[in-house]
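# Survey of secondary and tertiary structure
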Amino acid sequence: MEVTAAMIADIYSATAIGVGVILAAAGLGSAIGWGLICSKTLEGIARQPEMRPQLMTNMFIFAGLMESFPFIILAFAMWFLFANPFVGAMKAALGA
């Protein structure tokens, strides 16, 4: 059985759709995370104004950690998009 251009195109198109969904979910999760982190920090400051410096420091630390998640997802998405492992697996399975 021969590997056809149509089969490779199908893999690339499905991968592009998957990458789009993954990046959209990462962006949405990041936005929700920012909203929760900031709202809880403001709640804490409203309850104990003297804790503002410590709460702000914690907010920026956790926001930085949370913000790194979409960039990690972006790296995996670009790997799937440009160095697609599924094409090689299909060729190996078909003996091409």
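For the structure, see preceding data.
Notes on the structure follow. The model shown is predicted, which means the values in this text are computed figures rather than measured ones.

One pass over the structure, following the stated rule, counts one salt bridge. The residue lysine 40 makes a salt bridge to glutamate 43 at a minimum N-O spacing of 3.8 Å. Placement of the pair is lysine 40 and glutamate 43 together in helix H1 (residues 5–47), with a separation of three residues, close to one helical turn. A relative accessible area of 51% places lysine 40 in the exposed class.

Turning our eyes to something else, we now look at the packing of H1 against helix H2 (residues 52–82). As a packed pair, H1 and H2 sit with axes 9 Å apart at the nearest point and diverge in direction by 180°. Taken together, the axes of H1 and H2 lie roughly antiparallel to each other. Looking at the contact of H1 with H2 residue by residue, the classes come out as 22 nonpolar, five polar and two charged.

The next thing to look at is H1. In a regular helix each residue adds 1.5 Å, so 43 residues correspond to 63 Å; H1 covers 63 Å between its end C-alpha atoms and thus fits that length. Residues Ile11, Thr15, Val19, Ala26, Ser30, Gly33, Ile37, Thr41, Gly44 and Ile45 constitute the buried set of H1. Contacts from the buried residues of H1 go to H2 and helix H3 (85–94).

Basis of the calculations
- Residues numbered from 1 in each chain as written.
- Predicted model: local features only at pLDDT ≥ 70, side-chain atom pairs only at ≥ 80, totals over all residues.
- Heavy atoms only, no water.
- Salt bridge = Lys/Arg side-chain N within 4 Å of Asp/Glu carboxyl O.
- Helix = DSSP H or I, 4+ residues; strand = E, 2+ residues; numbered from the N terminus.
- Buried < 20%, exposed > 50% of the residue type's maximum accessible area, 1.4 Å probe, protein only.
- Axes fitted to C-alpha atoms, helices over the stretch in contact; angles between N-to-C directions.
- Parallel < 35°, antiparallel > 145°, perpendicular 65-115°, else oblique.
- Nonpolar A, V, L, I, M, F, W, Y, C, P; charged D, E, K, R; others polar.
- Expected span 1.5 Å × (residues − 1).
- Contact = heavy atoms within 4.5 Å.

This is a description of form; function is not addressed.
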